[in-house]
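What follows is each chain in one-letter form.
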Protein chains: 2
Amino acid sequence: MKGWQMADGREEVRVTIRTVAADAGVSVAAVSKVLRNAYGVSDSLRGRVEASIEKLGYRPSVAARGMRGQTFTLGVLLVEIANPFLPSVYHGIESITDAAGYKIMVGIGAARAGREAQLIEQMIDNRMDGLILVASQISGETLDRYARQIPTVVVGHHEPTAQSFDTINSDDFEGARMVVRALCEAGHRDIAMLAMDHGPDHSADVSPQRESGYRSAMTAAGLVPRVIRVPPSNLPREAELRAVLTAPDRPRAVFCWSDLDAVPLLNLAHQLGIRVPHDLAIVGYDNSPVAALPLISLASVDQDGARMGKMAAQALLSRIGGRTVPEHRLITPRLVPRASL
Amino acid sequence: MKGWQMADGREEVRVTIRTVAADAGVSVAAVSKVLRNAYGVSDSLRGRVEASIEKLGYRPSVAARGMRGQTFTLGVLLVEIANPFLPSVYHGIESITDAAGYKIMVGIGAARAGREAQLIEQMIDNRMDGLILVASQISGETLDRYARQIPTVVVGHHEPTAQSFDTINSDDFEGARMVVRALCEAGHRDIAMLAMDHGPDHSADVSPQRESGYRSAMTAAGLVPRVIRVPPSNLPREAELRAVLTAPDRPRAVFCWSDLDAVPLLNLAHQLGIRVPHDLAIVGYDNSPVAALPLISLASVDQDGARMGKMAAQALLSRIGGRTVPEHRLITPRLVPRASL
DNA sequence: GGCGTTTCGTATACCGTTATACGTCAATCA
DNA sequence: TGATTGACGTATAACGGTATACGAAACGCC
């Protein structure tokens, strides 16, 4: 095997399976067998081959391997990178896949469906063995099309009837109801919700699910729902939050679909001299690390992201293993009461 | 081209370059030429081929392509996912690579050198065209070995004499000096620094760089440096922070190597009834979004992560383009004064 | 009209693996 | 002893592209 000139003029000598075979004095197929723990290799042959691999520092090419066999690489697609809830999910996933000997590549979707689709296609092109999509913005129909091409698990996107992929979700409907009940118990009646201003085709996303939980609980308590929509979290939305706080009919309590809105709202209230929770109670969702800071002390709903990540990884591995009947899990969340409530 | 049985029993019909060639009634080579914008293809041929590609929904396999040509995919390695400074760097990188038609795959290193090395090898194996390592923990020597195999740019790791790769850094030395000068001007003399407890071989990391800037400025001001070491941010360290605040000789001002320590310290001080900045001034580093919250209002050094990301991406593209002389950039940071100072 | 030149397409040898088909040789069995 | 059976290796056709070599028209020029 000769070296070749790279684009930048640096010369590279790639150690391939042939280099190893030549060095060990065996056939290419024999080396491949050793690599794959395939049947029909003696201890002496294995020893010779492994010695050569070690000596030459050989590493098999994933690209070439992916053309026929498994890559032992999984793709994880995250909506966006700045969301503080996602690290816990990621760590959960990693703890399981690591133990199973799988590698992970991450794609960052920038909260745009087009970008996400591009990344999914890229992961399929790279012959990844499976995909975990976290809080994907892609519609169920499109997801279904991709999921037929590659084992897929979706986290944070409700498609309870999907056949081609699994879903792992927090019970967002119930989580929202818990918040409303807690605010009622604290004596509030004028309870508004800050929901994400999602477009059509997004009823499966978490915010709409929480919204219907909110509506259901409000109605059940004999109260009138009042939903305020704010732009998605990747856009500036301070003006909208400020409007909520300065409106003449400012509510007495606000349930935010995410800490991404609740934390800025809490800070803005403080700046405007509105006392929390005396003048305004605020409850968020995700129980992100910032919410737990004593200076913030924001009540929030905890989804146990790590657990969701673990379950997603387990589902993916079993699907890769051959399962075809879909699995749809719902985890009950937990309200963490803090000073803002 | 026949379909084949996948592991989970699902049947798949893959559209390859040969399918397209047959459909368009041309040779495989002609299709490849169209895909690569290569020389020698007429408008009529291009039209026919593109029509077939569209009709069949063909997408070239990155794996196969990677075996000979470019993959137009770049790898970005992030120390860890929970660090709130990294999103800005990532967005900076993406804004440049996007425009140049490159895709990005992210690896998450979990702040462990071994894991990082594994990910780098994986990215090389996947035939990525180049690598950006953000705040890597890997030693310069090892980096050099990898960088000889693949165009590499390192962000947040000082190796100003490296030949095989480029570096983009904030001037951490100068940033620390700025902090000390500002604290002096505010009348403080008893200024301690909270530095990361790095092992040996890590003098190129940002914390040690800031530490020597701190020492230099303290000495220049005729003050005695006082460095307190805390465990790295992926480990629990509340006990250490509490010890700093409850010690009988508690300093009057603390410069933290990162907001990751400064924010918890500020909150802990508040819990312990220590008034900031009256009893204790705190300055952090990174100017993370949390620091800017009015309720936190932590003075911090801003590194302009987006700009670093952009510069890193530009350097990588030019290196992929053939540049071999190394480029080492230092960006001057900016102190953002806030209530904690 | 003869003779280079372009221009446009095709044929095909790789790239680095996997996995199947097949050959060889020694041990076992009837 | 001849046939059967494993155990162990080898040879080689995929996999889905890229890129080079080369052939065949069409064109320009004197």
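This write-up is about the structure you can find in this document. No experiment lies behind these values; they were computed from the predicted model shown.

## Focus: the sheet that holds strand S8 (residues 191-196) of chain A
All names here are of chain A. Strands sit in the order S9-S8-S10-S11-S12-S14 across an open sheet of six strands; the sheet is mixed. Only two strands of the sheet have a single neighbouring strand rather than two, namely strand S9 (227-230) and strand S14 (334-336). Taking the axes of each pair of neighbouring strands and ignoring which way they run, one obtains an average angle of 20 degrees across the sheet. Here strand S12 (residues 299-302) runs beside S14; their pairing, made up of three bridges, is antiparallel. Its bridge partner being in S14, Val301 is matched across the sheet by Leu335. Across the sheet, helix H8 (residues 172-185) touches S8, strand S10 (253-256), strand S11 (281-285), S12 and S14, and the angle it forms with S11 is around 165 degrees.

## With respect to the packing of helix H8 (residues 172-185) of chain B against helix H9 (residues 206-220) of chain B
All names here are of chain B. Here H8 crosses H9 at 45 degrees, and the two axes come no closer than 7 Å. On the basis of their axis angle, the class for H8 and H9 is oblique. You can see that H8 and H9 cross each other, and the crossing is right-handed. Between H8, through Asp172, Phe173, Ala176, Arg177 and Val180, and H9, the contact on the second element is made entirely by Val206, Gln209, Arg210, Ser212, Gly213, Tyr214, Ser216, Ala217 and Met218. Classifying every residue of the contact of H8 with H9 gives seven nonpolar, four polar and three charged.

## Details of the protein's contact with DNA strand D
Residues in contact with DNA strand D amount to 31 residues; listed here are only the nearest, Tyr39(A), Ser42(A), Ile17(B), Ser32(B) and Tyr58(B). One nitrogen or oxygen atom from the side chain of Tyr39(A) is found 2.6 Å from a phosphate oxygen belonging to DNA strand D. Interatomic distance of 2.5 Å between a backbone N/O atom of Ile17(B) and a phosphate oxygen of DNA strand D. At the level of secondary structure, the elements contributing two or more residues to the surface near DNA strand D comprise helix H2 (28-36) of chain A together with helix H1 (17-24), helix H2 (28-36) and helix H4 (62-66) of chain B. Of the residues contributing to the surface near DNA strand D, the split by class is 16 nonpolar, six polar and nine charged.

## Thoughts on the packing of aromatic side chains
The description of an aromatic ring pair uses the distance of the two centres, along with the angle that the planes make with each other. Residues and elements named next belong to chain A. Counting across every chain of the model gives two aromatic pairs over all chains. Each ring, one from Phe255 and one from Tyr285, has its centre 6.3 Å from the other, and the planes form 45 degrees; the classification is tilted. Of the two residues, Phe255 sits in strand S10 while Tyr285 sits in strand S11, which places them 30 residues apart along the sequence. One cation-aromatic arrangement involves Arg210 over Tyr285; the distance from NZ or CZ to the ring centre is 3.6 Å.

## Description of the interface of chain B and chain A
Contacts between the two partners involve 59 residues from chain B, matched on the other side by 58 residues from chain A. When the two sides are added together, the surface that chain B and chain A hide from each other amounts to roughly 5,200 Å², 57% of it contributed by carbon and sulfur. By the criterion of area lost to chain A, the three top residues of chain B are Arg59(B), Ile81(B) and Leu295(B), representing 14% of everything that side buries. Linking chain B with chain A are six salt bridges, by the criterion used here. Counting across the chain B and chain A interface gives seven residue pairs in polar contact (both at pLDDT 80 or more). Where the side of chain B that touches chain A is concerned, the elements lending two or more residues are H4, strand S3 (73-78), helix H5 (86-99), strand S4 (103-108), helix H6 (113-125), helix H11 (259-271) and helix H13 (305-320) of chain B. In terms of residues, the side of chain B that touches chain A owes the most to one element, H6(B), which gives eight residues. Considered class by class, the residues forming the side of chain B that touches chain A number 31 nonpolar, 13 polar and 15 charged.

## Considering the relation of the copies chain B and chain A
Each copy superposes on the other: chain B lies on chain A with an RMSD of 0.3 Å after a rotation of 179 degrees and an axial shift of 0.1 Å. What we have between these two chains is a two-fold relation. A shared interface surface links the copies, since 98% of the contact residues of chain B are contact residues in chain A too.

## So, the protein's contact with DNA strand C
With respect to spatial proximity, 27 residues lie near DNA strand C, and among them Ile17(A), Arg18(A), Ser32(A), Arg65(A) and Ser42(B) are the closest. Each atom of DNA strand C within 4 Å of the protein was classed as base or backbone; sugar and phosphate made up 57%. Contact distances for DNA strand C include 3.1 Å between a phosphate oxygen and a side-chain N or O atom of Arg36(A). A distance of 2.9 Å separates a phosphate oxygen of DNA strand C from a polar side-chain atom of Tyr39(B). Those elements that place two or more of their residues in the surface near DNA strand C are helix H1 (17-24), H2 and helix H4 (62-66) of chain A together with H2 of chain B.

## Things to note about helix H3 (residues 43-56) of chain B
Residues and elements named next belong to chain B. Counted at 1.5 Å a residue, the expected span for H3 with its 14 residues is 20 Å, and the 20 Å between its end C-alpha atoms agrees. Where H3 is concerned, the buried positions are Leu45, Val49, Ser52 and Ile53. Angular distribution of buried residues about the axis of H3 spans 100 degrees; they occupy a single face of the element. Exposed positions of H3 whose direction lies more than 90 degrees from the buried face are Asp43, Glu54 and Lys55. Those residues of H3 that are buried lie in contact with H1 and H2. Once H3 finishes, Gly57 follows within two positions and takes phi at roughly 65 degrees, a positive value.

## Let's talk about the nonpolar core
Among the nonpolar cores identified, the biggest contains 57 residues, and Ile132(A), Val134(A), Ile132(B) and Val134(B) are the most heavily contacted of them. Among the elements that take part in this core, helix H13 (residues 305-320) of chain A stands out by supplying eight residues, more than any other. Not counting residues up to four positions away in its chain, the partners in contact with Ile132(A) are Gly75(A), Val76(A), Leu77(A), Ile93(A), Val153(A), Val155(A), Ala312(A), Ala313(A) and Leu316(A).

## Some remarks on empty space enclosed by the protein
Residue and element names in this part refer to chain B. By the definition in use, this model includes four cavities of 30 Å³ or more. Considered as a void within the structure, the largest cavity measures approximately 350 Å³ in volume. In terms of residue count, H9 provides more of the lining of the largest cavity than any other element does, three residues in total. The class makeup of the residues in the lining of the largest cavity is 13 nonpolar, nine polar and four charged. Of the pockets and cavities examined, the second largest cavity occupies roughly 80 Å³.

## Remarks on the sheet that holds strand S12 (residues 299-302) of chain B
All names here are of chain B. Taken in spatial order, the six strands line up as S9-S8-S10-S11-S12-S14 in an open sheet, and their pairing is mixed. Both outer strands of the open sheet, strand S9 (227-230) and strand S14 (334-336), are each paired with one neighbouring strand and no more. Strand-to-strand twist in this sheet, taken as the mean axis angle between neighbours without regard to direction, amounts to 20 degrees. Across three bridges, strand S11 (residues 281-285) lies against S12 in parallel orientation. In the strand pairing of S12, Val283 is matched with Ala299. Along the sheet face, H8 touches strand S8 (191-196), strand S10 (253-256), S11, S12 and S14 and points at about 165 degrees away from the line of S11.

Thresholds, definitions, all that
Residues numbered from 1 in each chain as written. Chains lettered and ligands numbered in written order. Predicted model: local features only at pLDDT ≥ 70, side-chain atom pairs only at ≥ 80, totals over all residues. Heavy atoms only, no water. Pairing = 2+ DSSP bridges. Helix = DSSP H or I, 4+ residues; strand = E, 2+ residues; numbered from the N terminus. Axes fitted to C-alpha atoms, helices over the stretch in contact; angles between N-to-C directions. Contact = heavy atoms within 4.5 Å. Parallel < 35°, antiparallel > 145°, perpendicular 65-115°, else oblique. Left-handed = near helix turned anticlockwise from the far one by under 90°. Nonpolar A, V, L, I, M, F, W, Y, C, P; charged D, E, K, R; others polar. Near = heavy atom within 4 Å. Polar contact = N/O pair within 3.5 Å; in protein donor to acceptor, adjacent residues only side chain to side chain. Phe/Tyr/Trp six-rings, centres within 6.5 Å; stacked < 30°, edge-to-face > 60°. Lys NZ or Arg CZ within 6 Å of the ring centre and 35° of its normal. Buried area = accessible area lost by both parts, 1.4 Å probe. Salt bridge = Lys/Arg side-chain N within 4 Å of Asp/Glu carboxyl O. Least-squares fit on C-alpha atoms with pLDDT ≥ 70 in both. Expected span 1.5 Å × (residues − 1). Buried < 20%, exposed > 50% of the residue type's maximum accessible area, 1.4 Å probe, protein only. Arc of directions from axis to C-beta. Core = buried A, V, L, I, M, F, W, Y, C linked by side-chain atoms within 4.5 Å. 1 Å grid on protein atoms, 1.4 Å probe; cavity = no way out; pocket = protein on both sides within 12 Å on 5 of 7 lines; lining within 4 Å. Points joined across faces, edges and corners; volume = space filled by probe spheres on them.

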